[in-house]
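# Reading the structure
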Amino acid sequence: MAKRLATRRINPVPFILLTVFLLVFLAGVITGEPVSVLQKAKKVCLSCIGIG
Amino acid sequence: MELARKWVQIITALLTNGYWAFPFTRNMYQGPLKVVCSPGLNCYSCPAATTYCPIGAFQQMMLSIQFNLEFGKYYLGLFVLGCIGVVGSFLGRIVCGWACPFGFIQELIYKIPTKKKWGVPRILRFIKYGLLLLTVVLLPLLVVDAMGLGEPWFCKYICPAGTLEAGLPMLLLKPDLRAAAGLLFSVKVVIMVGFLLWSIKASRPFCRTACPLGAFYGLFNKWRVVKMHLNEDKCTKCLECHPVCPMGVKFNESPDDADCIGCLKCMNEACRYGAITLSVGGIPLRSIDIRTKSDREQQKSG
């Protein structure tokens, strides 16, 4: 089993992407975007769904 | 495995649309959970929605960038982009196969017994990338009014999920809104009905041709943590994996295809040679060998 795992190459790219997007997410949190997202998500935007 | 996938789809749809008091309150959920990202396409103006739609929220951030910058607010959509980026780099389009309510609706409609003779031409799959770039990013960002505010082009002019999950329920809940539903809403209803009727004849037509969220997640399919692999040594090129794929992917020809939604049908229902495996971070979880005894003997002999 250990030999099988050792011979299996782990691709680092997904983990790099994961880290980058985690940092992007944190940057969004630091700039206060969640409050803005929440404010907009709480309201029914009728023109956004094609009414009015 | 297919049963497990169905249960995950049902549970996700119920969790992201868990506000069932709306028929009594006659309003949508407005609580703090709306700061949580829905992994799949799920309109946050749906009265039952408890989470935000990543495509809707990202457009809202894009269309107000210029306006916000004028007031010194640096809201660039990083929070939403980060959320879907983390989900995408971990799962890619597996989200579409397991956790998208609108994909689930199309799958249910496709179960209506009829001759499934309409396919989805492969060339049409490129439309969704154009929609992602134009209607979700560029047009909301660049076409702005005097105040510096743009419009959510995809939600406003196209999104059939929004029409089904938010537009129609809102008109039912609030009769006074019906007068405001004009030509644009009629066009959106035609788009929605078109995709739903197409779903009777073809598998997941919206996901394959027009979903910008699927297009975004698909960009990660080659580099996601949870991934499907093809063992070329075991593959006999029997092509059994082709007809079972709901997205029209020819897995043995393009195992990293951007349209693979990780439903695992090719692995569990088609491949009899254990050539398809699911891995996490490069470590295989399982490989199923469902060959019959005669299959094995046949392969051994020749």
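Structure: see above.
Calculation notes
- Residues numbered from 1 in each chain as written.
- Chains lettered and ligands numbered in written order.
- Predicted model: local features only at pLDDT ≥ 70, side-chain atom pairs only at ≥ 80, totals over all residues.
- Helix = DSSP H or I, 4+ residues; strand = E, 2+ residues; numbered from the N terminus.
- Buried ≥ 20, exposed ≤ 12 C-beta atoms within 10 Å, placed from the backbone.
- Contact = placed C-beta atoms within 7 Å.
- Nonpolar A, V, L, I, M, F, W, Y, C, P; charged D, E, K, R; others polar.
- Core = buried A, V, L, I, M, F, W, Y, C linked by C-beta atoms within 7 Å.
- Axes fitted to C-alpha atoms, helices over the stretch in contact; angles between N-to-C directions.
- Parallel < 35°, antiparallel > 145°, perpendicular 65-115°, else oblique.
- Left-handed = near helix turned anticlockwise from the far one by under 90°.
- Bend = angle between axes of the 7 residues up to and from the residue.

## As for the overall build of chain A
- Broken down by element type, chain A carries three helices and zero strands.
- Across chain A, helices and strands are ordered from the amino to the carboxyl terminus as α-α-α.
- A burial count over chain A gives 29% of its 52 residues as buried.

## What to know about the environment of C37 of chain B
Residue and element names in this part refer to chain B.
- Take C37: it is sitting in the loop between α2 (22-25) and α3 (54-63).
- Residue classification places C37 among the buried residues on the basis of 21 C-beta atoms within 10 Å.
- As for C37 and C53, which are separated by 16 residues in sequence, their C-alpha atoms are 6.4 Å apart.
- In contact with C37, other than residues within four places in its own chain, are T51, Y52, P54, V80, C83 and I84.

## Observations concerning the interface of chain B and chain A
- Taken together, the contacts link 43 residues of chain B with 34 residues of chain A.
- If you list the elements that add at least two residues to the side of chain B that touches chain A, you get α3, α5 (78-91), α9 (153-157), α10 (160-173) and α11 (183-201) of chain B.
- Sort the elements by how many residues they give to the side of chain B that touches chain A and α5 of chain B lands first, with ten residues.
- For the side of chain B that touches chain A, the per-class residue count stands at 27 nonpolar, twelve polar and four charged.

## Quick word on the nonpolar core
- Formed by 92 residues in total, the largest nonpolar core has its most connected members in V80 and V95 of chain B.
- Broken down by element, the residue count for this core peaks at nine residues, all from α5 of chain B.
- In this view, V80 of chain B contacts V37 of chain A together with C37, P54, A57, F58 and M61 of chain B; residues no more than four positions away in its chain are not counted.

## A look at the environment of V86 of chain B
- Within the element layout of this structure, V86 of chain B appears in helix α5.
- A tally of 19 C-beta atoms within 10 Å means that V86 of chain B is categorised as partly exposed.
- Separated by 138 residues in sequence, V86 of chain B and R224 of chain B have C-alpha atoms that sit 9.8 Å apart.
- Setting aside residues up to four positions removed in sequence, V86 of chain B forms contacts with L18, F21, L22 and F25 of chain A.

## As for the packing of helix α7 (residues 101-110) of chain B against α11 of chain B
Residues and elements named next belong to chain B.
- Two numbers describe how α7 lies on α11: the axes approach to 7 Å, and their chain directions differ by 50°. By the angle between their directions, the pair α7 and α11 is classed as oblique. In the crossing of α7 with α11, the sense of the turn from one axis to the other is right-handed. Listed contacts from α11 to Q106, I109 and Y110 of α7 are L196, S199 and I200.
- Residues that form the contact of α7 with α11 fall into these classes: four nonpolar, two polar and no charged.

## Comments concerning the environment of K222 of chain B
Residue and element names in this part refer to chain B.
- Counting through the fold element by element, K222 comes out in the loop between α13 (212-218) and β1 (226-230).
- A count of 15 C-beta atoms within 10 Å places K222 in the partly exposed class.
- Separated by 169 residues in the primary sequence, K222 and C53 place their C-alpha atoms 24 Å from one another.

## So, helix α8 (residues 127-142) of chain B
Residues and elements named next belong to chain B.
- Residue L134 marks the point of greatest curvature in α8, where the axis turns by about 30°.
- Of all the positions in α8, only K128, L131, L132, T135, V136, L139 and P140 are classed as buried.
- Structurally, α8 contributes buried residues whose contacts are with α3, α9, α12 (205-209) and α13.

## A few points about unusual backbone geometry
All names here are of chain B.
- The backbone of R204 shows a phi angle near 45°, a positive value even though the residue is not glycine.
- R204 gets classed as buried once you count the C-beta atoms within 10 Å, which come to 30.
- A positive phi angle, near 70°, is found at L239, a position not held by glycine.

Geometry only, nothing functional implied.
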